[in-house]
Structure formats: structure tokens, C-alpha cells
Amino acid sequence: MKKAISFILNGNQIEMEIKPYWTLLHLLREELQLTGTKSGCESGECGACTVVVNGKAVNACLFPAVEVEGATVLTIEGLAKPTGELHPLQTAFMELGAVQCGYCTPGMIMSAKALLGENPNPTEDEIRHALAGNMCRCTGYTQIIESVKQAAHAMTSKGEVRPRKVQ
Amino acid sequence: MSKFEYLMPSTIDEAISLLVSHGERAKYIAGGTDVMVKVKENKIHPRYLVSLRRLQGLDHITYKDGELRIGATVTHRMLELSPIIRKEFPILIDAVTNIGSVQIRNVATIGGNIVNAVPSADGAIPLITLGAHVRIRGPKGERSMALEDLFIGPGQTLLETGEILLEFVIPQLPPRTGAAYVKHTRREAMELPLLGVAVLVSLAEDRTTCTEARIGLGVLAPTPMRAKNAEALLKGQTLNEDVLKKAGKAAAEECKARDSIRGEAWYRREMVEVLVPRMARLAMERAK
């Protein structure tokens, strides 16, 4: 039996009918064609499906879609401004080499977004703790953590993310 | 994809009534991080999920007259960030900080962690060490019991059909009480513990004699257990290295460590001997 839900997705009010057994991940990828959020382990272990609901990072693969009723949801597609200007986290990840295959990247960025929303000036330990639920097979995490630091700096000092100097 | 109806009752009694009316075909769901995994792995096949997520009156953390009350739908993240818990019950911070990830802790509830009743539950060990009681409501009304008594086997509790955990009540602890918990893991994060050790000590006015000792052990028996022989060795004693060592040995002997996928019994027993004194020392520091 379908259920009507109403929620805010990436700044837009959405009203739709859903099946009660859908996960938020299924809703985003298969029903709304927002494939930026990735399916990894489908069991809450890898973080590839991380999205931000009411300011909190959650694994969309385990989140019943029905529970977004009345909530504000942010996915990777909602980070850049409507003008196309990237979020400092996105710029940092690109400029600092934090993206290799890219599969963990949306989840990593959304976890970092949630972190910076709660803690604008995190220490390295705090960043590691916040991203513990996001696995990366490629990078070894160093550039990812550095990107979060740089983005935090840019956001709090209202500066720009400094790209790597070209040798 | 497993199919189910998702019901969202607005009151506790409505939830109980829904569950009971659908009987075997229904299951409660709170945060969903255990239930949804089990559904996906086809370990359970509920036709109805009765959501406890939005029930009122179950998400409080209150500390009054020394008594701590934690509602069953409080998330691990709420505990992790609670100023009351950080200040007065650091053992619970030890416990929740490393449960899963931020994403899990943001939705996973402490009530759900307990009801899932795995012997490794990082939420359970410190709570039984603190002497927690649980309040339960079901079709037959309300009842209370010591949390320790709730567990009867791996994944099994005394909860009857339809019963919901309402809250955890930690009665006032004696003055000069400190408690600490360690989750012993191979990795830094995202792992179930090889073993968990919680120690609570209360000190006399001289700040060296132990008046009360409790030791909680996880993954070392089919249910969360207390190392009562080891506790008896600490009570009334000055807690010097020798006494702590003896208690560690006693705890290692009375636990029922087994070989499993994460570790072997001999290693677990050795680590109990190391970690009981270590947590006792930390608890003593916190007691002062």
C-alpha cells in the first residue's frame, strides 16, 4: 500500500507516493534518479550511501524512506550552488587529490558536510572520528582528511580553498 | 527486496496494540540499524514494521537527585554529545563513542542495542555495571527489572510479545564513585569488540579503600556478565597493584571466553587480566 510523504530534498519541497518498504537509498537512486549517492555494502558498514537528514549524517541504505516525512534531506547533488559554484568541500577534494575512483567520495563529502555543520573547526582526530564510517579503498585517507581541514579553513575564514601549487 | 508495511503509531499504547494485533508477522523498529540489516539478510521476514522512532516521552536524558534516566529511543549520538553524560557518566561515553560510526549512532537507539542483546553490546556492559534497571511496558502493563536479568542468551531477552523498553534508570551511586569501560578491538573503528571490560569502584573517605566494586564483561559469556568473584576481591581492600592483579586473574578465570571469528579464548582471558586492572585504575582516578 503506497504512502504519501512530504519532505525537503536539496532545498526543494517534494510530495510523492512511495512504497513502505523502500529505503532512502532506493528512493534517491531508483525513484528520483539521484545517483550521486552510492550503494556499497547495503548494511551500514561502508558509508558510500551517506546523506544528511536534518543535519545528521545517516546511511541511506538502512533508513526507511517513510521516515523522511517532514525532514530536510541533503545529498551530494544539493551541495553546489544553483549557479554551479562548488561547495568548498567539493573544491578541496578535487584540488588536493582526495578523489581516485570516486566511489566513496559523495559519502565522504556528505559526512564531512555534517561534521562541519556541527563543528566548524574540527581537529584531525575529530575529522577521523567523524569519517570513521566511510571507507576508501584507493586513497589511504590522507588527502581526504587534508581536504576536510582545508575546506573548514576556507569556510571559517571565508577564504578559498588553496589549490596545490603546480610545480 | 523484502516487502513490508511500515506503521507509524503516535503513542506507546498504539504501538503495543499494533504489534500484538499482527503477532508473529510484526516487529518493532527504532533506529533500524539492526532490524533493516536482518531484513535484508533474510534473517527475519516481518510483514509489518512498527516504528518506535517518533514516540513521545522515550527520548529523555535526565539527571535528578543523583538518579539518571535514559529513554529507550535515545540515540547513541545523543548520549555521545550529552553534557550530562560527558560530565557525570564518562563510562557511557567510553561505551558509545566507538559503536559503529556517526551515521549509525545518529539513528541507532540505546534501547534497540539492548533489545538486540548480543553478548558484545557495548551499551549493555557499562549499563549493567552502573546497576541499571529497565522499565518495560507491554499488553499486560508495566514492569521493571535489573538490566542484568533481562538477558537470557545470545540475542534473547525476557521481553514478551509486544513489550517495549521504556527507559533505563541508574540509581544514585555512592559518593566518590568512578567507572570506566574499554572496548577492545583490532581496528580503530567499525568493529565489534573482541571483549569489553567495565569497572566501577567507590572509594571510602580515605580515597584508597574500595567500598564497592563492580566488573562487567562483554563477549565473555552468552550474555553480558558480572565478574562477581573478582568484585569480591576488590571490596574492602586498598586497591594496590597486587590486589588489582588478583582481581584481573579471578575475572579471567570466571569468564567463559570462547574461540570465535574475532579472537581466541586464550587471548581473551589474557586481555581480561590486563584490562580489569587498567579500567580499575581509570575508575579510581575518576572516583577522586
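Residues numbered from 1 in each chain as written. Chains lettered and ligands numbered in written order. Predicted model: local features only at pLDDT ≥ 70, side-chain atom pairs only at ≥ 80, totals over all residues.

## A word on the overall build of chain B
We count it as follows: A run of DSSP states H or I qualifies as a helix once it reaches four residues; a run of E qualifies as a strand once it reaches two. Both are numbered from the N-terminal end. Each radius of gyration reported is based on C-alpha atoms, and the globular scaling rule is 2.2 Å times the count of residues to the power 0.38.
Of regular secondary structure, chain B possesses twelve helices and 14 strands. Relative to the 2.2 N^0.38 estimate, which gives 19 Å for 288 residues, the radius of gyration of chain B is 19 Å and therefore close to what a compact globule would have. Along the three orthogonal principal directions, the C-alpha set of chain B runs to about 60 × 45 × 30 Å.

## Focus: the domain arrangement of chain B
All names here are of chain B. Going by this rule: Boundaries between domains were set according to an automatic or database domain assignment. In this description, a residue-residue contact is defined by the distance between C-beta atoms placed from the backbone, which must lie within 7 Å. Following the grouping adopted for this structure description, the nonpolar residues are Ala, Val, Leu, Ile, Met, Phe, Trp, Tyr, Cys and Pro, the charged ones are Asp, Glu, Lys and Arg, and the polar ones are all others, Gly among them.
The domains assigned to chain B are domain 1 (5–51), domain 2 (61–170) and domain 3 (177–287). Between the C-alpha centres of domain 2 and domain 3 there is a distance of 20 Å. Facing the 22 residues of domain 2 at the interface are 23 residues of domain 3. When residues of the side of domain 2 that touches domain 3 are traced back to their parent elements, those giving at least two are α5 (90–96), α8 (124–129) and β8 (151–153). Residue composition of the side of domain 2 that touches domain 3, by class: 13 nonpolar, six polar and three charged.

## Points about the packing of helix α2 (residues 88–95) of chain A against helix α3 (residues 105–118) of chain A
Residues and elements named next belong to chain A. Stated precisely, the cut-off is as follows: Interaxial angle, 0 to 180 degrees, is taken between N-to-C directions of lines fitted to C-alpha atoms, where a helix line uses only the stretch in contact. Small angles under 35 degrees read as roughly parallel and large ones over 145 as roughly antiparallel, with 65 to 115 read as roughly perpendicular and the rest as oblique. It is the rotation of the near helix from the far one that decides the hand of a crossing: anticlockwise by less than a right angle makes it left-handed, clockwise makes it right-handed.
Contact geometry of α2 with α3 gives a least axis separation of 10 Å together with a crossing angle of 135°. One finds that α2 runs oblique with respect to α3. Crossing angle aside, the handedness with which α2 passes α3 is right-handed. Residues Leu89, Gln90 and Phe93 of α2 touch α3, and the partners they reach there are Thr105, Ile109, Ala112 and Lys113. Here the residues of the contact of α2 with α3 are counted per class, giving four nonpolar, two polar and one charged.

## Details of the interface of chain B and chain A
With 21 residues of chain B at the contact, the number on the chain A side is 22 residues. Of all the secondary-structure elements, those providing two or more residues to the side of chain B that touches chain A are β1 (5–7), α2 (35–40) and α6 (102–105) of chain B.

## Digging into the nonpolar core
To keep things clear, this is the line we draw: To count as a nonpolar core, a set of buried Ala, Val, Leu, Ile, Met, Phe, Trp, Tyr and Cys residues must be joined through C-beta atoms within 7 Å. Exposure criterion: with C-beta atoms placed from backbone coordinates, a residue whose C-beta has 20 or more other C-beta atoms within 10 Å is buried, one with 12 or fewer is exposed, and one in between is partly exposed.
One finds Val199, Val201, Ala251, Val272, Val276, Met279 and Ala283 of chain B to be the most contacted residues of the largest nonpolar core, which totals 149 residues. At ten residues, helix α12 (residues 265–287) of chain B tops the list of elements feeding residues into this core.

## Comments concerning the domain arrangement of chain A
Residues and elements named next belong to chain A. As assigned here, chain A comprises domain 1 (3–77) and domain 2 (88–157). Domain 1 puts 14 residues into the contact, and the matching count from domain 2 is 13 residues. Elements with a minimum of two residues in the side of domain 1 that touches domain 2: β3 (50–53) and β4 (56–59). It is β3 that provides the largest number of residues to the side of domain 1 that touches domain 2, a total of three residues. Class assignment of the residues belonging to the side of domain 1 that touches domain 2 gives a composition of seven nonpolar, five polar and two charged.

## A word on the sheet that holds strand β5 (residues 67–71) of chain B
Residue and element names in this part refer to chain B. Cut-off, in case you're wondering: At least two DSSP bridges between two strands are needed for those strands to be called paired.
Spatially, the five strands line up as an open sheet ordered β4-β5-β10-β6-β7, and their pairing is antiparallel. Each edge of the open sheet carries a strand with a single partner, namely β4 (61–64) and β7 (141–146). Each adjacent strand pair in this sheet contributes to an overall mean axis angle of 20°, direction not counted. Note that strand β6 (residues 133–138) and strand β10 (residues 164–170) share five bridges and pair antiparallel. Its bridge partner being in β10, Val134 is matched across the sheet by Phe168.

## Some details on helix α11 (residues 241–254) of chain B
All names here are of chain B. As a reminder, the rule being used: Helices are assigned an expected span. That span is 1.5 Å times one less than the residue count.
For α11, spanning 14 residues, the distance from its first C-alpha to its last is 20 Å, which sits close to the expected 20 Å at 1.5 Å a residue. Those residues of α11 not exposed but buried are Leu244, Ala247, Gly248, Ala250, Ala251 and Ala252. Looking at the buried residues of α11, the elements they touch are β13 (210–218), α10 (228–234) and α12.

## Here we look at the pairing of strand β2 (residues 12–18) of chain A
All names here are of chain A. Bridging between strand β1 (residues 3–9) and β2 involves seven bridges; their strand directions are antiparallel. Bridging across to β2, Leu9 finds its partner in Asn12. Between β1 and the antiparallel strand that follows it, β2, lie two residues; Asn10 among them carries a positive phi value of about 50°.

## Points about the packing of α2 of chain A against helix α5 (residues 142–157) of chain A
Residues and elements named next belong to chain A. Running from N to C, α2 and α5 point in directions that differ by 140°, and their axes come no closer than 8 Å. As the angle between them shows, α2 and α5 are arranged oblique. Along this stretch, α2 crosses α5, giving a crossing that reads as right-handed. Side by side, α2 and α5 meet where Pro88, Leu89, Ala92 and Phe93 of the first sit next to Ser147, Gln150, Ala151, Ala154 and Met155 of the second. Its residues placed into classes, the contact of α2 with α5 shows seven nonpolar, two polar and no charged.

## A short note on the sheet that holds β1 of chain A
All names here are of chain A. Read across the open sheet, the five strands follow the order β2-β1-β5-β3-β4; overall the sheet is mixed. One side of each edge strand has no neighbouring strand; the edge strands of this open sheet are β2 and β4. Ignoring strand direction, the axes of neighbouring strands in this sheet form an average angle of 40°. Across the sheet, α3 touches β3 and β4, and the angle it forms with β3 is around 30°.

## What about the confidence of the model for chain B?
Here is the rule we go by: Confidence per residue, as judged by the predictor, is encoded in pLDDT with a range of 0 to 100.
Averaged over chain B, the pLDDT score is 96; the fraction of residues at 70 or greater is 100%. Taken together, the chains of this predicted complex give a pTM of 0.95 and an interface ipTM of 0.94.

## Quick notes on the pairing of β1 of chain A
The sheet contact formed by β1 of chain A and strand β5 (residues 72–74) of chain A spans two bridges and is parallel. Each bridged residue has a counterpart across the sheet, and for Leu9 of chain A the counterpart in β5 of chain A is Val73 of chain A.

## Quick word on the environment of Met271 of chain B
Residue and element names in this part refer to chain B. One can find Met271 in helix α12. Along the primary structure Met271 and Val197 are separated by 74 residues, whereas in three dimensions their C-alpha atoms are 9.5 Å apart. Look past the residues within four positions of Met271 in its chain and what remains in contact with it is His184 and Leu195.

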